Every structure is written in C-alpha cells, then in structure tokens.
Amino acid sequence: MQFKDIIGQDTLKKRLLNSVKDNRISHAQLFLGKGSVGKLALAFAYAQYINCTDKQIDDSCGQCSSCRKYAGMSHPDLFFSYPVNTNHTSTSKVTKTRVSKDPVSGDFLIDWKNYIEEVKGYPDLFQWYQQIGIENKQGFISKEEARKIVHQLQYKSVEAEYKVLIVWMVEKMNEVASNALLKLIEEPPDNTLIFLIANEKEKLLSTILSRVQLIVVPPIESEKLQSYLLKQNPNLSENDLRDIASLANGDVFKASEIISNSSEMRENFDLFVEWMRLCYKKGSLEGIKTWSEKTSKFGREKQKSFLNFSLRMVRESLLLNYGNDKLVKIMIHEEQFLSKFAPFIHLKNVPIIQEILNQAIYEIERNVSGISLFADLSLKMSRLLKMDSSGR
Ligand SMILES: [Zn+2]
C-alpha cells in the first residue's frame, strides 16, 4: 500500500512521513480509531515507506523490490497477526481453509492476503469472520500466535532494514498473548517495528498502552470520502453522497454497506411510513391486519432489519424534537416524513416504543413470528403514538 491509496487523512500522512524524515520512528505504535477509517492502510503504507529503497518526498516509490514485495504482501520481513478461530464445521464457500485446532493467523494467510487486496486495505471485523467461515464465533489472537510472533521476530531481517509486525485488532488478544506482546514491546529485537491496530482503547492492557506511541485515526473527512465514493459509484447524486457520508460517519466500510443496502433501506422506509400512518389513523384495524400479514411473510433477517430501521427512525425523531439537529443522521426523503412524524415521539413514549420493538426483535430471533406478533405490535404502537407528552 502507498500513501496515495489512502482516503483522506492528510494530516496523519504528513505526521508519519515527518517521523521518517526526522529519523524518529517509534518502535511500537498504536493506530487507534473507530471502524474502517484507514488504520491498517496507514500502518501498511507507513511500513512500506520506511522500507522503500527509493523514497519519494511524500510516498514510497512503488517500484523497488521492497515495494513490490510489500504490495504482494509477500515480503519476508513483514508479518501480520489478526483474529481467527477454528472453522472445521464451516459450510463457508468463501474459504477453502479448514482449521480444527489451535488456530493461528498464518493458517488463514491466503485468505487474509486475498481479503486485504479485495477491500484495498480497509477491512471490517465481521466481514473478515465471514471470509474465513467463523461468523458464529468470536475470533481471537491466541497464545500460540503470540509465541509464533516472538519466535519469528527473533531472527535477523532477511532483506529489509526493518522487520515489521502489524497486529490487526489487537484487542482480540487474550491475556497470555497480550503479556507476550508486552514483553516484546519492552525488549524489542533489533530493527523491529511493531504496529498495533485497535478499535477500542478500553480493551487493551494499560501496560501496553503506556508503552506505545498513540496515533489516533479520526473518521475520514466527509469531502474526501464523498469523492472516493463517487469514483466507485459514478451514478450517485450529490445529495446521496452527502447523505451517505454523513450516515457513515467517515467509515468507508459503512458507506459501502449503505450504498449496497440502499434499496433495502428504501423498502424499510416505505414500509415504516405505511405502518405509522395505519397506526395513527382511527379505525384502521383492517389495514393493520393486511399490513401485519404482509410483513409476517418476510424472512427473519428482513423482519429484523425493518424493526432495527424503525428503532433508528424513532431515535432520530426524538433528536429532531429536542433540537439536536447536529446529531441527526437522516436522508433527504426521510427528513420530509420525519418532520411531520417527529412531534408524536417524546420522552414519555420513546422508552416504551424502544422496548416493544426490541422485544419483537428478540422474539423473531427465537423464531416467534407470524401475523399476531406484528398485529400486536401495531396495536401497542397505535396507543403509544396517541399518548401525549405528559404521559396520558
Ligand atoms: Zn520503493
């Protein structure tokens, strides 16, 4: 990866480049930030730049032997650790790898390389679990993996100036592994750089935190994200782009998901509008019955997706009502409806509405579904919408 492949984050790029120019590269650094904002991509481009034999002012050359091996993720002095698990019973069609015991990252190296290439250096944890067929389990970085890392790094580098270890999602290390990593950071082998990548600072050992240089990676700047998305999806309008970037909060994975789910979102929206109108109208029992019948025929995932969407609409309505406009994340077509709907949502009925929606999701997860679930929910909703803000 090169710096030019990274979306936005110009301030950080400059800071990393300067650390090389000034010859003060810290041997252990933590790239911290929420979601797919470019943490791995930055660490990767940084490592490639450090080892490039023909450094340009603002990027690696992309041509030298080191750069080419980095690009193919085949450099003998570049190591990755990332969460994995066993998948021997998996029916996943994505991966051919089957691991039944003591999983270590290297077991899934081919999958990792393919995945990172596919997502252009912007991975997502759950999507990675799907790739390696462990989506029903949590991935982790085990003590066996930590032992392997320590072993690999004790040797001299093969050809690069620096050996580089990149640990993605370091919060997935268990305690034994974390302590092995801590020891490695405290007594690093010669010419070794350790780049840790994490979403959540709170889950890391404080002893590790105190020994690494912290690099906070903020959300991708909205304009930079929009122009990136436009290149990938030339049909998107300016309004759509602005909406998507705002909803995604500077997270490129989320933005792509919103784009691919947008037809589902539109369906959820239309269904929600229809539902709320029926719930509010007097004497619409027949309508509610027909609506419940239709909705009960959807698959479980679609029903859950709709109820989660409804939860979001209720939350955004409340924010609209109480003047937190800056926090409101909605699309333009939603805004038009919500400006009329929001007055019916207030602090008295919101907790109950959220509770009954969550309860319905819970029941669907336990296979309780059918017309009566949605009809019941509608009648409760109908009463709640008519409650005024004093609770009557
Ligand atoms: Zn190079």
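Above this note sits the structure.
Now for a look at the structure at hand. The structure displayed is predicted, hence computed values, not measured ones.

Moving on, we come to the coordination of the zinc ion. The protein atoms that coordinate the zinc ion are C52 (SG), C61 (SG), C64 (SG) and C67 (SG), at distances spanning 2.3 Å. One can describe the donor arrangement at the zinc ion as tetrahedral, given that its four donor atoms subtend angles of 104 to 119 degrees at the metal. Between consecutive donor residues of the zinc ion, the sequence gaps follow C-x8-C-x2-C-x2-C. Residue C52 is located in the loop between α2 (39-51) and α3 (65-71), and its partner C64 is located in the loop between α2 and α3; the two are separated by 12 residues in the primary sequence. Given a relative accessible area of 10%, C64 falls into the buried group.

Below, the discussion takes up unusual backbone geometry. It is generally the case that most residues other than glycine have a negative phi and that most peptide bonds are trans. At Q9, a position not held by glycine, the phi torsion is positive, near 60 degrees. Within the element layout of this structure, Q9 appears in the segment before α1 (10-21). Classification of Q9 by relative accessible area gives buried; the value is 2%. Phi at M169 takes a positive value of approximately 60 degrees, unusual for a residue other than glycine. On the secondary structure map, M169 appears in the loop between β3 (163-168) and α7 (175-186). Assessed through its relative accessible area of 4%, M169 is described here as buried.

Right, let's talk about α7 for a bit. With 12 residues, α7 should cover 16 Å at 1.5 Å per step; its first-to-last C-alpha distance of 16 Å lies within 8% of that length. Regarding α7, the residues found buried are A177, S178, L181, L182, L184 and I185. An end-on view of α7 places all buried positions within 160 degrees of arc, on one side of the element. Across α7 from its buried face, at more than 90 degrees, point the exposed residues E175, V176 and K183. Against the buried residues of α7 lie β1 (28-32), α6 (143-153), β3, β4 (192-198) and α8 (206-209). Two to three positions downstream of the cap, the backbone nitrogen of V176 sits 3.3 Å from a side-chain oxygen, assigning the N-cap of α7 to N174.

Inspection of the secondary structure assignment puts F44 in helix α2. Residues F44 and D54, 10 residues apart in the sequence, show an inter-C-alpha distance of 17 Å. If near-sequence neighbours (up to four positions away) are discounted, F44 is found in contact with M1, Y70, M73, L78, F80 and I166.

Calculation criteria
Every residue gets a number counted from 1 within its own chain, in the order that chain's sequence is written. Two thresholds apply to this predicted model, a pLDDT of at least 70 for residue-level local features and 80 or more for giving and counting side-chain atom pairs, whereas whole-chain, interface and lining totals are computed over all residues. Hydrogens and waters are ignored; side-chain quantities use all the structure's heavy atoms. Note that water is not among the atoms used; donors are N, O and S atoms within 2.8 Å of the metal (3.2 Å for Na, K and Ca), so sites may look incomplete. In short, tetrahedral needs four donors with all angles between 85 and 135 degrees, square planar needs four and octahedral six donors with opposite donors over 155 degrees apart and all other angles between 65 and 115, and whatever is left is irregular. Helix and strand assignments follow DSSP, with helices taken as H or I runs no shorter than four residues and strands as E runs no shorter than two, numbered in order from the N terminus. Buried, partly exposed and exposed residues are distinguished by accessible area as a fraction of the type maximum, computed with a 1.4 Å probe on protein chains only: under 20%, between the cut-offs, and over 50%, respectively. Helix span is expected to be 1.5 Å times the residue number reduced by one. Each C-beta atom gives one direction from the helix axis, and the arc is the one those directions make. A contact between two residues is defined here by any heavy atoms of the two lying within 4.5 Å. What qualifies as a polar contact is a pair of N or O atoms within 3.5 Å, subject to a donor-acceptor requirement within protein and to the restriction that residues adjacent in sequence count only when both atoms come from side chains.

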